[in-house]
Amino acid sequence: MPYKRVSKPIPFPRAFGATSDAAILSQAAILLLMEPGLRRNRVMLSEYQSARRTLRVPTISATGRRVKVEEVESPLRLRPLSSAKEVIPARRFRRLASDFAKKPNHLAAASLMEACLRHPHPLVRAAAALAYFGLTSEPSRLIGILEECTQSDDDLVRHVAATGLARLAPESPRLSELSRKTTQATMGPSAHTSLLVHGTWAANEQWWKPGGNFHSYLLNGIRPDLYANADAFSWSGIYSEAARAIAATELQGWRGGHTIQNPYLLTHSHGGSVAMLATQNGLNTGPLVLLSCPVHSIYMPDFTRTGRVVSVRVKLDLVILADGGGQKFSDPRIREKILPIWFDHSATHDPAVWQRYNIRSVIPP
Amino acid sequence: MRLLLGALRLFVYRALWYWLGIKSAGRALVRALGSPDENIRSIAGILLAKSRKRAEALLQEAVNRRENLPIVLTVLGSIGDPALIPQLRQFTNDQNPEVAKAAQEALKVIESSAKL
């Protein structure tokens, strides 16, 4: 369902008093922007400081306190989520939001979020489920809402819900169903299968695994041909040349065992070094995307075996600084995209950064 | 700014431990392997791995406490000392699959480097 383009978002609490597309999108954004405050995620808070100011997102202190479901369900006369589906009329959200604006505390936030779980619009329900996870005493109830929202016809609702599930319940069977569906629907005669190759120390990270936030983000729009089975390629993540050399051989072996021709490679950090080494060893690939890849003279692609090579990085990456690698590829065959972000090595695998800086537009099709 | 300060702190810890022998600074570096921030974990890992054998005693303490075990074993694998092989072998069947996998991968890298 396409939304009308919003040129002026509606701030809190006014957004909760309307039902237009701008109001629905603003409500979802406000709920999602409340979540980093509850988690005391200062990086996210500072990243979204300007958006929080524009939308006048209320701030409540992160005490770690969880609000009991009975404390909000009874006063609001809400039926438990497990009972028959209840949809609350729009005017009640307006009142709850203005109560919260007058008295910004945990109970008021929980009341608004609990009510929003019964919002007529699934986007607001999904956003509320995500935001409320760290505040309610019974967060497991919210997984069902996210799972239900992944069935929506609306792309945005599906993406928000799937990203939330990937973060809060990566073991959800719904996520594997989504991955399977997309893979089956798109893999067939595609010219490429895309592979995501993680970097050093990241073998146990979730973001690159099927169901992880970055993997899901790529799969659900950017690269629908992204390999999404459980045996996705992984390497030791050990910080040594020997480990990267072994990983390059393993990548070749993995590709051979999967009858994938010329994979489109999206790599992070030294995952890029592994991929480049593999091309030197004879692996043919499609386009090669290097995200925050340290520059070392021994790791360069064999350009006769790759498609276009693009490097996406931030300014003065601190991890690359510690690694001792260079920040900039000097070979003109590697196209560079420098994001207006400083220091953060992991920013290039953050879906929010991809969206914000439209990284999709700089990687090869 | 927070990330920059966090990273600078790690470089200072490393200097204090590596050059002045202040063990508590080294331990702080090992603790940073469990940071929720991927940047901080990565920088701590790189600084420890680059310290080679000098970091082994600190990492050994963490192994004994099972502190951040998968990444600590990965750092030990990065150091690549063949003397660590018997100890890594003990973890290859660990009940935590992430620990077992990290130990197996570290062993694989160290053993294949030793063969060269």
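Small disclaimer: the values here were computed from a predicted structure and weren't measured.

As for the overall build of chain A
Here is step 1 of the chain: Each helix and strand in chain A was counted, giving 15 helices and five strands.
Here is step 2 of the chain: With 365 residues in all, chain A has 50% of them scored as buried.
Here is step 3 of the chain: Contacts spanning at least 24 positions in sequence make up 62% of the contacts within chain A whose residues lie at least 6 apart.

Looking at the interface of chain B and chain A
Here is step 1 of the chain: Taken together, the contact between chain B and chain A spans 26 residues of the former and 21 residues of the latter.
Here is step 2 of the chain: Looking at the side of chain B that touches chain A, the elements with two or more residues in it are helix 1 (2-20), helix 3 (38-50), helix 5 (69-79) and helix 7 (97-115) of chain B.
Here is step 3 of the chain: With nine residues, the single largest contributor to the side of chain B that touches chain A is helix 3 of chain B.
Here is step 4 of the chain: Looking at the side of chain B that touches chain A, its residues break down into 11 nonpolar, nine polar and six charged.

Side note on the pairing of strand 4 (residues 309-315) of chain A
Residues and elements named next belong to chain A.
Here is step 1 of the chain: Extensive coverage of strand 4 is indicated by the burial of six of its seven residues.
Here is step 2 of the chain: Where strand 3 (residues 288-291) and strand 4 come together, four bridges link them in parallel fashion. Within the sheet, the bridge partner assigned to leucine 291 lies in strand 4 and is valine 312.
Here is step 3 of the chain: In terms of strand pairing, strand 4 meets strand 5 (residues 334-342) through six bridges, oriented parallel.

Section: the packing of helix 4 (residues 69-76) of chain A against helix 6 (residues 106-116) of chain A
Residue and element names in this part refer to chain A.
Here is step 1 of the chain: Relative to each other, helix 4 and helix 6 sit at 65°, their axes nearing to 9 Å. Relative to helix 6, the element helix 4 is oriented roughly perpendicular. Taken as a pair, helix 4 and helix 6 cross one another with a handedness that is right-handed. Residues Glu71, Val72, Glu73 and Leu76 of helix 4 form the contact with helix 6, whose own contacting residues are Leu107, Ala110, Ser111, Glu114 and Ala115.
Here is step 2 of the chain: Here the contact of helix 4 with helix 6 is built from residues that sort into five nonpolar, one polar and three charged.

Let's talk about the packing of helix 1 (residues 21-38) of chain A against helix 7 (residues 122-132) of chain A
All names here are of chain A.
Here is step 1 of the chain: Interaxial distance between helix 1 and helix 7 falls to 8 Å at its minimum, and their mutual angle equals 5°. As the angle between them shows, helix 1 and helix 7 are arranged roughly parallel. Only Leu123, Val124, Ala127, Ala128, Leu130 and Ala131 of helix 7 make contact with helix 1, whose side of the interface consists of Ile24, Gln27, Ala28, Leu31, Leu32, Met34 and Glu35.
Here is step 2 of the chain: When the residues that make up the contact of helix 1 with helix 7 are grouped by side-chain class, the tally is 11 nonpolar, one polar and one charged.

Focus on the sheet that holds strand 2 (residues 264-268) of chain A
Residue and element names in this part refer to chain A.
Here is step 1 of the chain: Strand order across the open sheet formed by five strands is 1-2-3-4-5, with parallel pairing between neighbours. Two strands lie at the open edges of the sheet, namely strand 1 (194-197) and strand 5, each paired on one side alone. The sheet shows a mean angle of 15° between the axes of neighbouring strands, taken without regard to direction.
Here is step 2 of the chain: By the bridge criterion, four bridges tie strand 2 to strand 3 in an arrangement that is parallel. Counted as the bridge partner of leucine 265 is leucine 288 from strand 3.
Here is step 3 of the chain: Strands in contact with helix 13 (residues 270-280) are strand 1, strand 2 and strand 3; relative to strand 2, the strand with the most contacts, it is inclined by about 140°.

Structural notes on the confidence of the model for chain B
Residues and elements named next belong to chain B.
Here is step 1 of the chain: For chain B, per-residue confidence averages 93 on the pLDDT scale, and residues scoring 70 or more make up 98% of the total.
Here is step 2 of the chain: Taking the mean pLDDT of every element in chain B, the minimum, 91, falls on helix 7 and the maximum, 96, on helix 5.
Here is step 3 of the chain: On the interface metric, ipTM, the complex scores 0.90, and its pTM is 0.61.

What to know about the environment of serine 311 of chain A
Residue and element names in this part refer to chain A.
Here is step 1 of the chain: Residue position: serine 311 is located in strand 4.
Here is step 2 of the chain: Along the chain, serine 311 and arginine 335 lie 24 residues apart, while their C-alpha atoms are 6.0 Å from each other.
Here is step 3 of the chain: Every residue in contact with serine 311, bar those within four places of it in the chain, is listed here: Leu290, Cys293, Phe329, Ile334 and Glu336.

Notes on the pairing of strand 2 of chain A
Every other side chain in a regular strand lies on the same face of the sheet, so the side chains alternate between the two faces.
Residue and element names in this part refer to chain A.
Here is step 1 of the chain: Of all the five residues making up strand 2, five are buried; the element is thus mostly covered by neighbouring parts of the structure.
Here is step 2 of the chain: Every second residue of strand 2 is oriented toward a common face, with Tyr264, Leu266 and His268 on one face and Leu265 and Thr267 on the other, all of them buried.
Here is step 3 of the chain: For the segment spanning strand 2, helix 13 and strand 3, crossover handedness is right-handed.

Calculation notes
- Residue indices follow the written sequence of each chain, beginning from 1 at its first position.
- The order in which chains are written sets their letters, starting at A; the order in which ligands are written sets their numbers, starting at 1.
- Under the rules for a predicted model, residues below a pLDDT of 70 receive no local features and side-chain atom pairs below 80 are neither given nor counted, while totals for whole chains, interfaces and linings still include all residues.
- A run of H or I in DSSP counts as a helix once it spans at least four residues, and a run of E counts as a strand once it spans at least two, with each numbered from the N terminus.
- Every C-beta atom is placed from the backbone, and the number of other C-beta atoms within 10 Å of a residue's own sets its class: buried at 20 or more, exposed at 12 or fewer, partly exposed in between.
- Here contacts are defined at the residue level, using C-beta atoms placed from the backbone and a cut-off of 7 Å between them.
- By the convention adopted, Pro, Cys, Tyr, Trp, Phe, Met, Ile, Leu, Val and Ala count as nonpolar, Lys, Arg, Asp and Glu as charged, and the other residues, Gly among them, as polar.
- Think of it this way: DSSP has to see at least two bridges between two strands before they count as a pair.
- Orientation is described by axes fitted as lines to C-alpha atoms, over the contacting stretch for helices, and by angles from 0 to 180 degrees between their N-to-C directions.
- When describing relative orientation, an angle under 35 degrees is termed roughly parallel and one over 145 degrees roughly antiparallel, while 65 to 115 degrees is termed roughly perpendicular and anything else oblique.
- Here a crossing is called left-handed whenever its near helix is offset anticlockwise from the far helix by less than a right angle, and right-handed whenever the offset is clockwise.
- pLDDT measures how confident the predictor is about each residue, on a scale from 0 to 100.
- If the strands point away from the viewer and the path from the first strand over the helix to the second runs clockwise, then the crossover is right-handed.

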